[in-house]
Amino acid sequence: MDATNDLVRRIEEIRRLLAEAEPDSLRSSYLADPSGGRAVLKGSTAPALVSEWNQQPSGLWLPKSSAQTPAPIDLMAVYLTAEEVYGVTPPTGYTTRQLQRLSLESVLRFSAFWLTALAMPDASARDVDERFAGTMLNGPLPDRVLNLLRDTTRRLLVPQALMLLARTAVQVSPVSPPHGVAQGDLVGALLCISQTMGRHPETGPTVIEDRPGPLGREIIANQHFNHTWSVSGVLARYARRWLELPAEHQSEPGVVDLSQAYEDCTGVRLEDLAAIAGYLWARTVQGRFVVERAELSALDIPKERLEGVLELISNSMSGLREELRRERADLRTEWSFDPFQRWPVIRLPEERLLILDPRHLVSRAFGWLPIWDIKFPPPGRIKPSGHKKLAARAEQTLRHFSEVYVSEVLHHIAQDASAARRVYDDEQLKAAYTAEGQRIADAAIDYPGAWIVIEVTTTQLRREAATAVPDESQIEDIDKLIEELDQINATINSLRADEAALTGIHATLPRRFYPLLVLPEGFPVNPITLTVIRERARSRNLLQGPDTAPLEIADIEELEMIEGIQEDAGPSLLEILQSKNAGSLRNAGLREHILHAMRLSPPKPSRQAELFHAAMKPLFEVLPKAPTER
């Protein structure tokens, strides 16, 4: 074939490719745009309206040109199972049989090693997974797992499985492995737990309306257990709620000195608890989850006081085994780890202390749990006179100061230091709206064209609700939150009718109202819980006005994230709520919207540094002093 014929053939091929399928009438009805890189429909010169597609992590295909905003399902990770890793279905009872051939201490050390790795500051779950695959798997398995992990929504190690491994070992593993028996397969035992987790015979509705159902219960428990928080934030709130605010408000009626109440009821000084727990946590941050007891003796704390703290927060392996035996079987689920949360430090032989999960240690000493020490003193401790009344007042004091702390954060967020007030607390709201029986929210923030109306409640999920016990506890706890919405609703009605009673200025333009329920101790916010709460609010005709945005729920961590964003000159609280309401994660939590939809990296609020130091001051004061130079 000569060059001329070859050129003719190539031109004809191009013509067929570009225009063979194009009707004659179409060629005269538009002007083709031959821009470089502009895709056209095959067999036509017509520009393609959608040129390329991208697959979302959830599997959904979307046009490349469309905004790549995540959906709630994109935020979920799926763990690998033993069947996926090994390529075969493990036999029934494999985990138990393997743990019966392993010493309890070895299993606890294994679990603590990887739980600590996952809990390290700035730890990457993916990096930990790859490290586990590279060090704990043999033969072709590491490559298989690493290939599976190329899907960024997959996980190999999950804290729940590691905790279940530890719990099962406490129940079935011997103190020493039996002689003459091959050592059990620890990695296989862990992966087989992942194989069976979440598989329940119970069935129920899969369409979520005003009840969570079995699937909803599991998701709520999952999110509650895996809730993440910053240690600096927990310690900052501890310093403010437990130490500073009681001292600042000691003359107010009903306020209890929480430090003194703690010592009166437990015999342990609160600063000793902070010092020892702080020291053990600092060691885990350094990667040391086993601490020699002699190290604590070096702290400037008398031996009897040191022993008193350890009696509260530690237990022996046999003691944990006995506690698990006492648990009611009908209240035990795959999410219940009560003994490990009450005693996050495990006493090993030869005077060693093991921190199974540093998250539990921080919560035990610096979160809400110390109030339970006041309510339920250690066995053998003589209760002070009027103990029940003192414990009730102490709990009410902590709840009150939790609300005060939220108010402080709101004032930081709104930056209302100017002459024009922006944050109105319940005191101003009650003074403005005095009708008999008037219900009032805890705060309202005045923005141009909008009000954010806020109710703060220290209600927490009960143990049964948090661990997915198959009863009515979750819906009962949700109904408690619905009762709080009545105060937001009543305040919105009052503002709508006469906001000048509060501000002294009549509104010149219509306002939009944004209801916000704040739970300082956290609540699992997800499409299921938000749907249930909003549906139950709708059935009671709460927050249903056309000028009222959908209810949002936040915890104190999320408010502090917004506080950091404000200090960094980022979007306001109102802008964040508006953005969430219009975004693809409108039914997820505020945290997820901020991090994944808005793609913000909130800095820590500047005030946390000073509060962190105040919380750790008891530790700094008892650390061994460096020898002075001569």
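The rules behind the values
Residues numbered from 1 in each chain as written. Predicted model: local features only at pLDDT ≥ 70, side-chain atom pairs only at ≥ 80, totals over all residues. Heavy atoms only, no water. Pairing = 2+ DSSP bridges. Helix = DSSP H or I, 4+ residues; strand = E, 2+ residues; numbered from the N terminus. Axes fitted to C-alpha atoms, helices over the stretch in contact; angles between N-to-C directions. Contact = heavy atoms within 4.5 Å. Buried < 20%, exposed > 50% of the residue type's maximum accessible area, 1.4 Å probe, protein only. Phe/Tyr/Trp six-rings, centres within 6.5 Å; stacked < 30°, edge-to-face > 60°. Lys NZ or Arg CZ within 6 Å of the ring centre and 35° of its normal. Patch = residues over 30% accessible without salt bridge, like charges linked within 9 Å, V, L, I, M, F, W, Y side chains within 5 Å. Areas by Shrake-Rupley, 256 points an atom, 1.4 Å probe, with all protein chains shown as cover. Salt bridge = Lys/Arg side-chain N within 4 Å of Asp/Glu carboxyl O. Right-handed = clockwise from strand over helix to strand, strands pointing away.

> Which residues make up the sheet that holds strand β7 (residues 345-348), and what values go with them?
Here we have 4 strands laid out as an open sheet, ordered β5-β8-β7-β6, and mixed in their pairing. In the strand order of this sheet, the two ends are held by β5 (290-292) and β6 (314-316), each with one partner. Going from strand to strand, the sheet's axes swing by 30 degrees on average, the running direction of each strand aside. Packed onto the sheet, helix α15 (residues 303-313) meets β6, β7 and β8 (352-355) and runs at close to 70 degrees relative to β6.

> So what's going on with the environment of L115? Residues and values would help.
With respect to the helices, strands and loops of the structure, L115 is situated in helix α5 (residues 104-119). Since its relative accessible area comes to 2%, L115 is described here as buried. Spatially, the C-alpha atoms of L115 and P159 are 6.3 Å apart, while their sequence positions differ by 44 residues.

> So what's going on with the environment of E323? Which residues, and what values?
Mapped onto the elements of the fold, E323 is located in helix α16 (residues 317-326). Here the alpha-carbon distance between E323 and D338, two residues 15 residues apart in the chain, equals 9.0 Å. With residues up to four places along the chain from it excluded, the contact list for E323 reads N315, P339 and W343.

> Report on the packing of aromatic side chains, specifying residues and quantitative values.
Applying the stated criterion to the full structure yields 9 aromatic pairs. For the pair F225 and F337, a centre-to-centre distance of 5.5 Å together with 50 degrees between the ring planes defines the contact as tilted. On the criterion of sequence distance, the pair formed by F225 in helix α10 (residues 213-225) and F337 in the loop between α16 and α17 (338-342) is long-range, its members being 112 residues apart. Of the two residues, F225 and F337, neither departs from the other in class, the shared state being buried. Cluster of aromatic residues (ring-pair linked, three or more members): F110, F113, W114, F132 and F289. Residue placement shows R359 over the ring face of F225; its charged tip is 5.0 Å from the ring centre. A cation sits over an aromatic face here: K375 above W372, 4.2 Å from the ring centre.

> Quick rundown of a nonpolar patch on the surface? Include the residues and the values.
Side chains of L369, W372 and F376 sit close together on the surface and give an oily, nonpolar patch of about 290 Å² of accessible area. In this structure L369 comes out as partly exposed when scored by relative accessible area, which is 31%.

> For the pairing of strand β12 (residues 512-518), give the residues involved together with the corresponding values.
Among the 7 residues that make up β12, 6 are buried, leaving the element largely enclosed by the rest of the structure. Note: strand β11 (residues 450-456) against β12, 7 bridges, orientation parallel. Bridge pairing in β12 links I452 to Y514. Pairing between β12 and strand β13 (residues 552-554): 3 bridges, direction parallel. Within β13, the residue paired with L516 across the bridge is E552. For the crossover that starts at β12, traverses helix α25 (residues 527-539) and ends in the parallel β13, the hand is right-handed.

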